[in-house]
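Close look at the chain arrangement
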Amino acid sequence: MKAGIKIIDIIRGTKILEKYDVLKSTANISNSNITTNRLAQFLINIKHNNEYYKPLLTNFDNNLILEKPLEVLKSMPIIDKKTINENYTSVFTPIKGRKNQKKKTGGSTGSPFYYYVDSEHLSWFWAYIYFFWNRFADFEPGDPFITIAGNSLRTNNRRIVEKVYHGLQNNYFIKGDIIEPSMHIDYEKTNKAKILYGYPSSIINIIKVKPEILENITNLTAIFTTSEQLLPQTRTAIESAYKLPVFDMYGANDGGILTCECQSKSGYHINTHNCFVETFTNEFGMSELLLTNLNSISFPFVRYRVGDLGKIDFERCSCGLGWPRIVELKGRTRDLILLPNGNTIHGSFFNNVFYRHPLIDAYKILQQKDRSIVLYLHIKPPGEFDEISKSVFKEIIDSLGEVNLSIEKLSEMNPTNEKFKLIESHAI
């Protein structure tokens, strides 16, 4: 069944299966030396080939880069999407003979961000996806799987090309702007699938709208969630409904990072062949991730501020993987709430409050420009709303002090396949 992946490799100029075999054979080996060597070679490559980084690296000879790549890296400026857009024509320096592919983010920060990734990056990225699925769900490349999500997990907007690509992957993609009873699902395909992959909100919503799907996923071994923050309540709801283990994945295609939980749920294992991860203390005093994409040379992301908060744990995991893990992954830096006294808190504060109330199975937080906060709570059963909302209100006020806070009912958890924004603040 790997024939389809081999065809994709030929068409796209990738080496997914080759990289997958490397990961399988080196999985339990600590690869810190491999990562620093890859970092050194990456810095040398962009020093000689990239118009933006040539002047920044010109004073570092190759021997010094090979000897002290971490020190050289830390001398490079921190960049973000704004920096890249302002220097786009010099950052994007195509290399003859090295294939690249145009991508874009979903525009969750206000407008789409267009960038390029090299085929080498795509090879490692998909190899890691297959590796994680194999290690935690006995999945082999070419096995059938289901994806249920919105545009961020779609291949492109060309329907025929997308259909062929998903067919070669053996991926049954369930899409649609709105999840509704009339949508068609091919249960012959769902019954063959080995894993389910997609947005947590979509995975939950589809069984609310099409409950019969639970009787037509007889071959599934696990569920992998991505793109949205996976709340403890949502994980419990998915595991309870599907009777399958859930593994959360965190990634950012532009920064080159792809991570996955293992059975211990003690952090997200980092794809160190493709991404070097640092942390720094940002302007809010929080630990924020910096990403260096080790295989995107035509369009480098160096010390890239992707906007996610977390810390790094280098201790070997109990599952046997020797790769470092991201721990205390909290979500985006933009998920901040501004208090009346001028202090800020991260939206994850509310997670802890809500988790103490098992009947809250979804929420949304909206802060207006005047710093007032509206909590939208979805409570099951609905008859418990008044009592629980009063308790939540008191807990938050006791912790935060004087806050203009109101609580309303969340009528629908997330009826669409778009990413579900838990927190939306217009005050920062």
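Check the entry above for the structure.
Note that the coordinates shown come from a computational prediction; the quantities given were computed from them, not determined experimentally.

**Considerations on the environment of T26**
The topology assignment puts T26 in helix α2 (residues 16-26). By relative accessible area, T26 is classed as partly exposed at 22%. It is 9.7 Å that separates the C-alpha atoms of T26 and G322, two residues lying 296 residues apart in sequence. Of the polar contacts made by the side chain of T26, one reaches the backbone oxygen of V22; its length is 2.8 Å.

**As for the pattern of salt bridges**
Inspection of every chain in the model, using the stated rule, returns 19 salt bridges. Across the pair R98 and D118 runs a salt bridge, and its minimum N-O distance is 2.5 Å. A residue pair is termed long-range when its members are at least 10 positions apart, and R98 in the loop between α8 (88-91) and β1 (100-104) and D118 in strand β2 (residues 114-118) qualify at 20 residues. Judged by relative accessible area, which is 27%, R98 ranks as partly exposed. Through salt bridges with shared partners, one network takes in E18, K19 and E120.

**Observations regarding the pairing of strand β11 (residues 287-293)**
The buried fraction of β11 is high, at six of seven residues. Sheet topology note: the strand β10 (residues 275-281)/β11 ladder contains seven bridges and is antiparallel. Looking across to β11, one finds that F276 is bridged to T292. Between β10 and β11, which pair antiparallel in sequence order, lie five residues; one of them, G285, sits at a positive phi of approximately 75 degrees.

**Comments concerning the state of the cysteines**
Summed over the entire model, instances satisfying the criterion amount to zero disulfides. For C260, which is in no disulfide, the shortest distance to another cysteine sulfur is to C262 and amounts to 8.3 Å. Under the relative-accessibility criterion, C260 is labelled buried at 0%. Looking at the unpaired C275, the closest cysteine sulfur is the one in C260, lying at 15 Å. Residue C275 is classed as buried on the basis of its relative accessible area, which comes to 1%.

**A short note on helix α15 (residues 385-400)**
Between its first and last C-alpha atoms α15 spans 22 Å; for 16 residues at 1.5 Å apiece the expected length is 22 Å, and the two agree. At the exit of α15 stands G401, carrying a positive phi of roughly 85 degrees.

What counts, and at which threshold
Residues numbered from 1 in each chain as written. Predicted model: local features only at pLDDT ≥ 70, side-chain atom pairs only at ≥ 80, totals over all residues. Heavy atoms only, no water. Helix = DSSP H or I, 4+ residues; strand = E, 2+ residues; numbered from the N terminus. Buried < 20%, exposed > 50% of the residue type's maximum accessible area, 1.4 Å probe, protein only. Polar contact = N/O pair within 3.5 Å; in protein donor to acceptor, adjacent residues only side chain to side chain. Salt bridge = Lys/Arg side-chain N within 4 Å of Asp/Glu carboxyl O. Pairing = 2+ DSSP bridges. Disulfide = S-S within 2.5 Å. Expected span 1.5 Å × (residues − 1).

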